[in-house]
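Examination of the molecular architecture
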Amino acid sequence: MVGPYRELFSTPGVKGFVISGFVGRMPMSMLGLGIIVLVETLTGSYGMAGAVAATVSVSYAVAAPFSGRLVDKFGQARVIVPLTFAHGSALIALMLCAQAGAPAWTLFASGLVAGATAVSLGALVRARWAHVLSGSDRLHTAFSFESVADEVIFVAGPALATSLATMVNPYVGLIVVVVCALVGTVAFALQRGSEPPVLRGGTHSGTPITIPGVALLSCVFLGMGAVFGSVDLITVAFAEERGAPVAGGLLLSALAAGSLVSGLWYGARPWKLSLRTRFVRALGTFAAGLTPVFLVGDLRVMAVALFVAGLSISPTIITGYALIERLVPARLLTEGMSWLSTAIGFGVALGAWAAGRLTDLFGASNAYAFPFLCALLAAAVGVAGSTWLRTPVAEQKS
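Residues numbered from 1 in each chain as written. Predicted model: local features only at pLDDT ≥ 70, side-chain atom pairs only at ≥ 80, totals over all residues. Heavy atoms only, no water.

Contact geometry for helix α11 (residues 247-268) and helix α13 (residues 299-310): axes closest at 6 Å, N-to-C directions at 30°. Taken together, the axes of α11 and α13 are roughly parallel relative to one another. Crossing of α11 against α13: the hand is right-handed. Contact residues: Ala247, Leu251, Ala254, Leu255, Ala257, Gly258, Ser259, Val261 and Ser262 in α11; Leu299, Met302, Ala303, Leu306, Phe307, Ala309 and Gly310 in α13. Its residues assigned to classes, the contact of α11 with α13 shows 12 nonpolar, four polar and no charged. (Axes fitted to C-alpha atoms, helices over the stretch in contact; angles between N-to-C directions. Helix = DSSP H or I, 4+ residues; strand = E, 2+ residues; numbered from the N terminus. Parallel < 35°, antiparallel > 145°, perpendicular 65-115°, else oblique. Left-handed = near helix turned anticlockwise from the far one by under 90°. Contact = heavy atoms within 4.5 Å. Nonpolar A, V, L, I, M, F, W, Y, C, P; charged D, E, K, R; others polar.)

The next thing to look at is the nonpolar core. Ranked by internal contacts, the top residues of the largest apolar core, which has 83 residues, are Trp129 and Phe221. No other element matches the 14 residues that helix α10 (residues 212-241) contributes to this core. Excluding anything up to four places from it in sequence, Trp129 contacts Leu8, Val14, Phe17, Val18, Leu139, Ala142, Phe143 and Glu146. Within the second largest apolar cluster, 24 residues are counted, among which are Ile35, Val39, Ala90 and Leu107. (Core = buried A, V, L, I, M, F, W, Y, C linked by side-chain atoms within 4.5 Å. Buried < 20%, exposed > 50% of the residue type's maximum accessible area, 1.4 Å probe, protein only.)

For the coordinates displayed, the defined rule picks out two cavities of 30 Å³ or more. Ser67, Gly68, Val71, Ile80, Leu83, Ala118, Val119, Ser120, Leu124, Thr334 and Ser338 are the residues that line the largest cavity. Among the secondary structure elements, those contributing two or more residues to the lining of the largest cavity are α4 (46-74), α5 (76-100) and α15 (333-362). In terms of residue count, the dominant contributor to the lining of the largest cavity is α4 (three residues). Among the residues making up the lining of the largest cavity, the classes are represented as six nonpolar, five polar and no charged. By volume, the second largest cavity amounts to about 30 Å³. (1 Å grid on protein atoms, 1.4 Å probe; cavity = no way out; pocket = protein on both sides within 12 Å on 5 of 7 lines; lining within 4 Å. Points joined across faces, edges and corners; volume = space filled by probe spheres on them.)

Residues Val58, Val62, Phe66, Leu222 and Phe346 make up a contiguous nonpolar surface patch of about 420 Å² in total accessible area. In terms of residues, the nonpolar patch owes the most to one element, α4, which gives three residues. As for its position among the elements, Phe346 is in helix α15. (Patch = residues over 30% accessible without salt bridge, like charges linked within 9 Å, V, L, I, M, F, W, Y side chains within 5 Å. Areas by Shrake-Rupley, 256 points an atom, 1.4 Å probe, with all protein chains shown as cover. Salt bridge = Lys/Arg side-chain N within 4 Å of Asp/Glu carboxyl O.)

Relative to the 26 Å expected for 18 residues at 1.5 Å per residue, helix α9 (residues 172-189) spans 25 Å between its end C-alpha atoms, a close match to the ideal helical length. Among all positions of α9, only Gly173, Leu174, Val177, Val178, Cys180, Ala181, Gly184, Thr185, Phe188 and Ala189 are buried. (Expected span 1.5 Å × (residues − 1).)

This next bit is on the packing of aromatic side chains. Throughout the structure, instances matching the rule amount to eight aromatic pairs. Relative to Trp129, the ring of Phe9 lies with its centre 6.4 Å away and its plane at 85°, an arrangement referred to as edge-to-face. Note that Phe9 is positioned in the loop between α1 (2-8) and α2 (14-24) and Trp129 in helix α7 (residues 121-132), a separation of 120 residues in sequence. Taking the relative accessible area as the measure of exposure, Phe9 reaches 25% and is therefore partly exposed. A relative accessible area of 0% places Trp129 in the buried class. Measuring from ring centre to ring centre gives 5.0 Å for Tyr266 and Trp271, while their planes differ by 35°; the resulting arrangement is tilted. Members of the aromatic cluster, connected to one another through ring pairs, are Phe9, Phe17, Trp129 and Phe145. One Lys or Arg, Arg242, reaches over the ring of Phe238 and ends 3.8 Å from the middle of that ring. (Phe/Tyr/Trp six-rings, centres within 6.5 Å; stacked < 30°, edge-to-face > 60°. Lys NZ or Arg CZ within 6 Å of the ring centre and 35° of its normal.)

This paragraph deals with the environment of Asn169. Along the polypeptide, Asn169 turns up in the loop between α8 (139-168) and α9. In this structure Asn169 comes out as partly exposed when scored by relative accessible area, which is 30%. Separated by 46 residues in sequence, Asn169 and Ala215 have C-alpha atoms that sit 43 Å apart.

Take Arg126: it is sitting in helix α7. In this structure Arg126 comes out as buried when scored by relative accessible area, which is 3%. Side chain to side chain, Arg126 and Asp150 meet in a polar contact 3.0 Å long. Contacts of Arg126, omitting those with residues within four sequence positions, involve Phe143, Glu146, Ser147, Asp150, Tyr321 and Met337. (Polar contact = N/O pair within 3.5 Å; in protein donor to acceptor, adjacent residues only side chain to side chain.)

Time to look at the confidence of the model for the protein chain. Considering every residue of the protein chain, the mean pLDDT works out to 86; 95% of them sit at 70 or more. Confidence drops under pLDDT 50 across residues 393-398; counting only partners more than four residues distant or on other chains, this segment forms 11 contacts. (pLDDT = per-residue confidence, 0-100.)

Inspection of every chain in the model, using the stated rule, returns eight salt bridges. Where Glu335 meets Arg69, a salt bridge forms, and the shortest distance between an N and an O atom there is 3.0 Å. Here the residue Glu335 occupies a position in helix α15, and Arg69 occupies one in helix α4, the gap between them amounting to 266 residues. Under the relative-accessibility criterion, Glu335 is labelled buried at 3%. For Arg69, a relative accessible area of 36% corresponds to the partly exposed category. Among the salt bridges present, the one from Asp150 reaches Arg126, with a minimum N-O distance of 3.0 Å. Here Arg126 lies in helix α7 and Asp150 lies in helix α8, a separation of 24 residues in the sequence.

Next up, the structure:
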């Protein structure tokens with residue numbers, strides 16, 4: 001499996017934007033936990049901490065397509081550098097307000113700005129891959145690599161943020177978020193040789209969400225986000241119910257490990273099936289893989305079940321981004337990819353809220369039925385609207 005990935009990095013300019021992009025998007029898995037630990041430590045309220053973190057997440061989800069449109073219009077470097085400095089300033093303001101015991105509205109206001117100015121660096125990295133590998137069959141390998149990188153970030157980031165905030169200082173987790181965002185994003189912006197050019201003209205003058213295939217993918221990713229948000233919360237509660245709260249992180253790591261393994265495998269092999277067919281099959285596998293989860297009561301068996309459930313995550317996400325690259329005009333590509341980030345963000349918030357209520361009412365094991373139903377609904381929507389996912393290249397291969 002190593003060969004195809006090694007070939008990717010022989011392309012000039014790739015190493016620079018991949019490394020800086022990885023550093024710059026480490027905060028995406030650390031920000032929410034860093035805010036929760038800091039605000040709860042200083043205010044003693046999990047409710048306040050969760051509300052501030054949710055404000056950041058929702059404002060990011062709302063703003064991501066708009067910042068993506070600015071990038072498509074003015075170029076990556078001109079947009080993301082000022083946004084990142086505004087993001088860092090807002091997080092510093094949030095820390096200072098929390099430390100000073102300022103009124104609650106100041107936490108929400110600074111959180112709102114922090115979320116709205118957060119850069120969707122994952123979409124920008126994928127846009128660069130689409131530019132440097134334009135017309136190449138290696139693009140699905142590149143998107144697979146980025147999916148694997150995301151999984152590494154979501155395995156390492158929460159553990160790092162929690163450890164720093166609880167063992168060193170409650171501010172340190174967010175300080176690392178600010179440093180990684182500034183250093184990674186500025187270094188990414190300086191890689192001008194791989195930056196996609198700003199494209200003008202074209203027949204599609206609206207937003208990518210008006211393209212039927214993009215709207216369909218956004219609905220599917222909304223359902224997938226609900227799965228991710230609910231599984232995270234329910235799994236932690238599942239481990240606590242069995243007297244092993246530490247196991248919650250290990251169980252979620254098993255889910256991420258399954259996605260990481262499948263992402264490496266998926267990107268390393270050539271595919272003759274069309275993107276549309278691959279996406280539909282991955283969605284079906286995604287729903288089927290979650291079936292055993294709400295039937296399991298043992299921690300060790302649950303680890304295996306979550307690993308199996310994770311195997312279909314990366315192929316689904318990779319193929320979804322590849323479809324966006326085919327469906328959206330090149331001059332709107334960043335905004336098109338940002339809509340998937342927005343859909344997942346809203347889904348995560350919805351899933352976490354619903355999972356909390358259902359876990360309180362019915363217990364963690366029974367609450368696992370919710371992510372299964374969300375996955376089933378996402379698969380049904382994807383299959384029902386799959387004709388909108390036909391692309392010229394895909395039709396030739398079907």
